[in-house]
Amino acid sequence: MNAPKPDPHDRARLLLVDDDRALCEVMGRVFAARGFDVVAVHTVEDAIRAIDGDPPEFALVDLKLPDQSGLKLVSHLKAADAYTRIVVLTGHGSIPTAIEAIKLGATYYLTKPTDADAVLAAFGRGDGDDGVPIDAKPMTVERVEWEHIQKVLHDNGGNVSATARALSMHRRTLQRKLLRRPAKA
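Residues numbered from 1 in each chain as written. Predicted model: local features only at pLDDT ≥ 70, side-chain atom pairs only at ≥ 80, totals over all residues. Heavy atoms only, no water.

Enquirer: Which residues make up the pattern of salt bridges, and what values go with them?
Expert: When charged atoms on two side chains of opposite charge get close, those side chains can pair. Considering all chains together, one arrives at seven salt bridges under this definition. The partner of aspartate 54 in a salt bridge is arginine 13, and the shortest N-O contact between them spans 3.6 Å. Of this pair, aspartate 54 sits in the loop between helix H2 (44-51) and strand E3 (58-62) while arginine 13 sits in strand E1 (residues 13-17), placing them 41 residues apart in sequence. Taking the shortest distance from any N to any O, the salt bridge between aspartate 117 and arginine 34 comes out at 2.8 Å. Of this pair, aspartate 117 sits in helix H5 (residues 116-123) while arginine 34 sits in the loop between helix H1 (21-33) and strand E2 (37-41); the two residues are 83 residues apart in sequence, bridging distant segments of the chain. For arginine 34, a relative accessible area of 35% gives the class partly exposed. (Salt bridge = Lys/Arg side-chain N within 4 Å of Asp/Glu carboxyl O. Helix = DSSP H or I, 4+ residues; strand = E, 2+ residues; numbered from the N terminus. Buried < 20%, exposed > 50% of the residue type's maximum accessible area, 1.4 Å probe, protein only.)

Enquirer: If you had to explain the sheet that holds strand E4 (residues 85-90) to someone new, which residues and values would you point to?
Expert: Taken in spatial order, the five strands make up an open sheet running E2-E1-E3-E4-E5, and their pairing is parallel. Either end of the sheet is taken by a strand with one partner, and the two such strands are E2 and strand E5 (108-111). Direction aside, the axes of adjacent strands within the sheet are offset by 15 degrees on average. For E4 and E5, the ladder comprises four bridges, and the chain directions are parallel. Bridged to leucine 89 within E5 is leucine 110. The strands that H1 touches are E1, E2 and E4; relative to E2, the one it contacts most, it runs at about 170 degrees. (Pairing = 2+ DSSP bridges. Axes fitted to C-alpha atoms, helices over the stretch in contact; angles between N-to-C directions. Contact = heavy atoms within 4.5 Å.)

Enquirer: Before we move on, can you summarise a nonpolar patch on the surface with the specific residues and values?
Expert: A cluster of nonpolar side chains, contributed by Ile95, Ile99, Met139 and Val144, occupies part of the molecular surface with about 330 Å² of accessible area. Relative to the elements of secondary structure, isoleucine 95 occurs in helix H4 (residues 95-104). (Patch = residues over 30% accessible without salt bridge, like charges linked within 9 Å, V, L, I, M, F, W, Y side chains within 5 Å. Areas by Shrake-Rupley, 256 points an atom, 1.4 Å probe, with all protein chains shown as cover.)

Enquirer: Break down the layout of surface pockets for me, citing the residues and quoting the values.
Expert: One number sums up the size of the largest pocket: a volume of about 620 Å³. What lines the largest pocket is a set of 19 residues, among which Leu63, Lys64, Ser69, Leu153 and Gly158 lie closest to the centre. Top element by residues in the lining of the largest pocket is helix H6 (residues 141-155). It accounts for four residues. Here the residues of the lining of the largest pocket sort into eight nonpolar, eight polar and three charged. (1 Å grid on protein atoms, 1.4 Å probe; cavity = no way out; pocket = protein on both sides within 12 Å on 5 of 7 lines; lining within 4 Å. Points joined across faces, edges and corners; volume = space filled by probe spheres on them. Nonpolar A, V, L, I, M, F, W, Y, C, P; charged D, E, K, R; others polar.)

Enquirer: Which residues make up the nonpolar core, and what values go with them?
Expert: Of all hydrophobic cores here, the largest spans 21 residues; its most connected members are Leu15, Val17, Leu73, Leu77, Ile86 and Val88. Contributions of two or more residues to this core are made by E1, H2, E3, helix H3 (70-80), E4 and H4. Not counting chain neighbours up to four residues away, the residues in contact with isoleucine 86 comprise Ala59, Val61, Val74, Leu77, Lys78, Gly105, Ala106, Thr107, Tyr108 and Phe123. The next biggest cluster of nonpolar side chains, apart from the first, holds 18 residues, and it includes Leu23, Phe31, Ala116 and Phe123. (Core = buried A, V, L, I, M, F, W, Y, C linked by side-chain atoms within 4.5 Å.)

Enquirer: Tell me about the environment of aspartate 135, and please be specific about residues and values.
Expert: With respect to the helices and strands, the residue aspartate 135 is situated in the loop between H5 and H6. Each C-alpha atom, one on aspartate 135 and one on tryptophan 146, is 18 Å from the other, the two residues being 11 residues apart in sequence.

Enquirer: Would you mind going over H3 in detail, with residue names and values included?
Expert: All buried positions along H3 are accounted for by Gly70, Leu71, Leu73, Val74 and Leu77. Projection of H3 onto a plane perpendicular to its axis shows the buried side chains occupying an angular sector of 155 degrees, all on one side. Across from the buried face of H3, at angles greater than 90 degrees, the exposed residues are Lys72 and Ala79. Sitting at the amino-terminal end of H3 is serine 69, which places a side-chain oxygen 3.0 Å from the backbone nitrogen of leucine 71. (Arc of directions from axis to C-beta. Polar contact = N/O pair within 3.5 Å; in protein donor to acceptor, adjacent residues only side chain to side chain.)

Here it is, written out as C-alpha cells:
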C-alpha cells in the first residue's frame, strides 16, 4: 500500500507528539514540506487539548512522554476518531509495548532513529506482512533481560519501585538499566 498523499487543497492534519523538541522541529518541517498541516506538542496533556474537537487524520506519538505513556494518547486518539492513522515512535522499544500499541489501535510501531519516509510508509500500512522473515538468530541475553524488564514494568503500570521489588533488584540499578538504550536483538 502506498503512503498517503494529502490533497494540496485540503492539507491533512498531523499531530506530532514527542518531548524531543529538536525531533519535533525537524519532522515538523519535513512533513509540512510534504503537504501536512503539522501540530507539534510535547506532552500527553497538550496533545489531548489539540485533539479535542478536531482530531487529526495522522498522529506520530512518542511512547515515553514526560507526563504519561504515549499509549494513553493512542487510546484517546482512537476514541476521538477511529480512522486516525497512528504511528508509535520510541527509543525504548519492547515487544509488550508494541503489542499494546497495536491492540489499542496504533497503525504501526517504529523505533528511533527513523526518518520521515519510514513514518509515511508506516501510516500507509493497512495489513500485516506474512512475508516478513523470521530471525533464526536467538535474542541476546541482554535483549531478553531488557524485554523482561519492560514487561514487568508494564505489568506494574510504569511504577519503577514496584518493578524493582518484583524483580528483586535495587531501584537505582533498575533505573540505570532503564536509562540505557535497549540491547540489540
